[in-house]
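These are the residues of each chain, in order.
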Amino acid sequence: MPELPEVETTRRGVEPWVVGRTLKTTRTYQSSLRWPIEAPKALHGANINGVYRRGKYLLFGLDLGDDHDNGTLIVHLGMSGSLRVLAVDTPRLKHDHFELVVSGPRKSKSAQEDKLIRLNDPRRFGCVLYQSGNDPKVHPLLAHLGVEPLGNEFSGEYLFQLSRRRKLAVKNFIMDSKIVVGVGNIYAAESLFQAGIRPTVPAGKVTRQAYEDLSQRIRGVLADAIRQGGTTLRDFVGSDGKPGYFKQSLYVYGREGEPCQVCATRLKGVNIGNRSSVYCPTCQRHSSFQPPI
Ligand SMILES: [Zn+2]
């Protein structure tokens, strides 16, 4: 599943091909993904003024000219989606459901430089939605999102304050997108290991100091994954590459029953909510244990 790092890598891969260019047209091959695709004809001819990310949503900023409101195409990759930059004559593959056709550079003499930004989504849990106006964050899907984990508002103090008296497991707390966006199962499991915090501890019991460390670990694991994704950027262009779902060196995620790489204790699996979670009973002892690494 594309997580925040994959979405950010997608944003960086697509950005140079679309910003400052004209959205010539859109083509919809499958009327509905998670919801019906929204790509009004009024967008054709708009200038694309930026590609942003909010949580795991990609936002294509559109300038429709003086007489019209600006707007934003909101794209989510769902469980299995990917966006690719392709030549205009690239044959469609199964599960290619939607595409933007963007013009070549403004001063280009050659129409051949037009490109497709094509969405492939086998499981169709993704979405393409439209929000008019200058502020896409008023969209119902975006309005209630928590802070960005790599942004300035996210900190140990922020987690500490919001977690007081909360009884839910700390792992579910940091995976709650109303608190902080984009901390998926892998990143939650790994950052809790690095911080020495047991994933089942009630969020309200985790100390200020432990949250301070945890917030840094969360930033660290996400930044590492994005850095790794950078090496896959070229794969966004052309039809033969595979968009990166990054393989990372993991301490606990997916390693139930294996020995801990720090202390050799057998890693334990536990269900928290509906998610499986793996932790080291020795390294992740308490809510404020000395971090193992
Ligand atoms: Zn251990």
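Anything mentioned here points back to the structure above.
This one's a predicted model, so the numbers in the text were calculated from it and none came from an experiment.

Asks: Break down the overall build of the protein for me, with residues and values.
Replies: Per the secondary structure count, the protein includes six helices and 10 strands. Within the protein, buried positions represent 51% of all 293 residues. Put simply, of all contacts in the protein between residues at least 6 apart along the chain, 69% involve residues at least 24 apart. For the protein, the accessible surface area stands at approximately 14200 Å², while carbon and sulfur atoms represent 48% of it.

Asks: I'd like to hear about helix α5 (residues 185-195), residue by residue, with values.
Replies: Extensive coverage of α5 is indicated by the burial of 11 of its 11 residues. Looking at α5, one finds that the buried residues are Asn-185, Ile-186, Tyr-187, Ala-188, Ala-189, Glu-190, Ser-191, Leu-192, Phe-193, Gln-194 and Ala-195. Gly-196 sits one or two positions beyond α5 and adopts a positive phi of about 75 degrees.

Asks: Please give an account of the coordination of the zinc ion that cites residues and values.
Replies: Those protein atoms acting as donors to the zinc ion are Cys-260 (SG), Cys-263 (SG), Cys-280 (SG) and Cys-283 (SG), and they sit at 2.2 to 2.4 Å. For the zinc ion, the four donor atoms in the first shell make angles of 98 to 114 degrees at the metal, so the coordination geometry reads as tetrahedral. Counting the intervening residues between successive donors of the zinc ion yields the motif C-x2-C-x16-C-x2-C. Here Cys-280 lies in the segment after β10 (275-279) and Cys-263 lies in the loop between α6 (208-230) and β9 (268-272), a separation of 17 residues in the sequence. Overall, Cys-280 belongs to the buried group, its relative accessible area being 0%.

Asks: I'd like to hear about the pattern of salt bridges, residue by residue, with values.
Replies: If you walk through the whole model with that rule in mind, you get 15 salt bridges. Across the salt bridge formed by Arg-27 and Glu-99, the nearest N and O atoms sit 2.7 Å from each other. Remark: Glu-99 occurs in strand β6 (residues 96-102) and Arg-27 occurs in strand β1 (residues 22-28); sequence separation between them is 72 residues. A network of salt bridges, in which partner residues are shared, links Glu-8, Arg-11, Arg-12, Glu-15, Arg-53, Arg-54 and Glu-148.

Asks: Help me get a handle on unusual backbone geometry, residues and values and all.
Replies: The phi dihedral of His-95 falls on the positive side, at around 75 degrees, and the residue is not glycine. Note that His-95 resides in the loop between β5 (82-87) and β6.

Asks: For the side chain of Arg-255, give the residues involved together with the corresponding values.
Replies: Looking at where Arg-255 falls in the secondary structure, it is placed in the loop between α6 and β9. Residues in contact with Arg-255, not counting those within four places in the same chain, are Leu-250, Gln-261, Leu-267 and Val-278.

Asks: Hey, could you go over the packing of aromatic side chains for me, with residue numbers and the actual values?
Replies: Throughout the structure, instances matching the rule amount to three aromatic pairs. A centroid spacing of 6.5 Å and a plane angle of 65 degrees characterise the contact between Phe-154 and Tyr-158, whose relative ring orientation is edge-to-face. For the pair Phe-193 and Tyr-251, a centre-to-centre distance of 5.0 Å together with 20 degrees between the ring planes defines the contact as stacked. Separated by 58 residues along the polypeptide, Phe-193 in helix α5 and Tyr-251 in the loop between α6 and β9 bring together distant segments of the chain. Of the residues examined, Phe-193 reaches a relative accessible area of 1% and is grouped as buried. Residue Tyr-251 is classed as partly exposed on the basis of its relative accessible area, which comes to 24%. Its guanidinium or amino end placed over the ring of Tyr-29, Arg-92 lies 3.7 Å from that ring's centre, counting from NZ or CZ.

Asks: If you had to explain a nonpolar patch on the surface to someone new, which residues and values would you point to?
Replies: Nonpolar side chains collect at one region of the surface, where Met-1, Met-79 and Phe-125 lie side by side and expose about 270 Å² of accessible area between them. Tracing the backbone through its elements, the reader meets Met-79 in the loop between β4 (71-76) and β5.

Asks: Explain the side chain of Arg-11 to me, and be specific about the residues and the numbers.
Replies: Tracing the backbone shows Arg-11 in helix α1 (residues 4-18). Owing to a relative accessible area of 14%, Arg-11 belongs among the buried residues under this scheme. A distance of 3.1 Å separates the side chain of Arg-11 from the backbone oxygen of Val-51, its partner in a polar contact.

Calculation rules
- Residues numbered from 1 in each chain as written.
- Predicted model: local features only at pLDDT ≥ 70, side-chain atom pairs only at ≥ 80, totals over all residues.
- Heavy atoms only, no water.
- Helix = DSSP H or I, 4+ residues; strand = E, 2+ residues; numbered from the N terminus.
- Buried < 20%, exposed > 50% of the residue type's maximum accessible area, 1.4 Å probe, protein only.
- Contact = heavy atoms within 4.5 Å.
- Areas by Shrake-Rupley, 256 points an atom, 1.4 Å probe, with all protein chains shown as cover.
- Donors = N, O, S within 2.8 Å, 3.2 Å for Na, K, Ca; no water.
- Tetrahedral: all angles 85-135°; square planar, octahedral: opposite > 155°, others 65-115°.
- Salt bridge = Lys/Arg side-chain N within 4 Å of Asp/Glu carboxyl O.
- Phe/Tyr/Trp six-rings, centres within 6.5 Å; stacked < 30°, edge-to-face > 60°.
- Lys NZ or Arg CZ within 6 Å of the ring centre and 35° of its normal.
- Patch = residues over 30% accessible without salt bridge, like charges linked within 9 Å, V, L, I, M, F, W, Y side chains within 5 Å.
- Polar contact = N/O pair within 3.5 Å; in protein donor to acceptor, adjacent residues only side chain to side chain.

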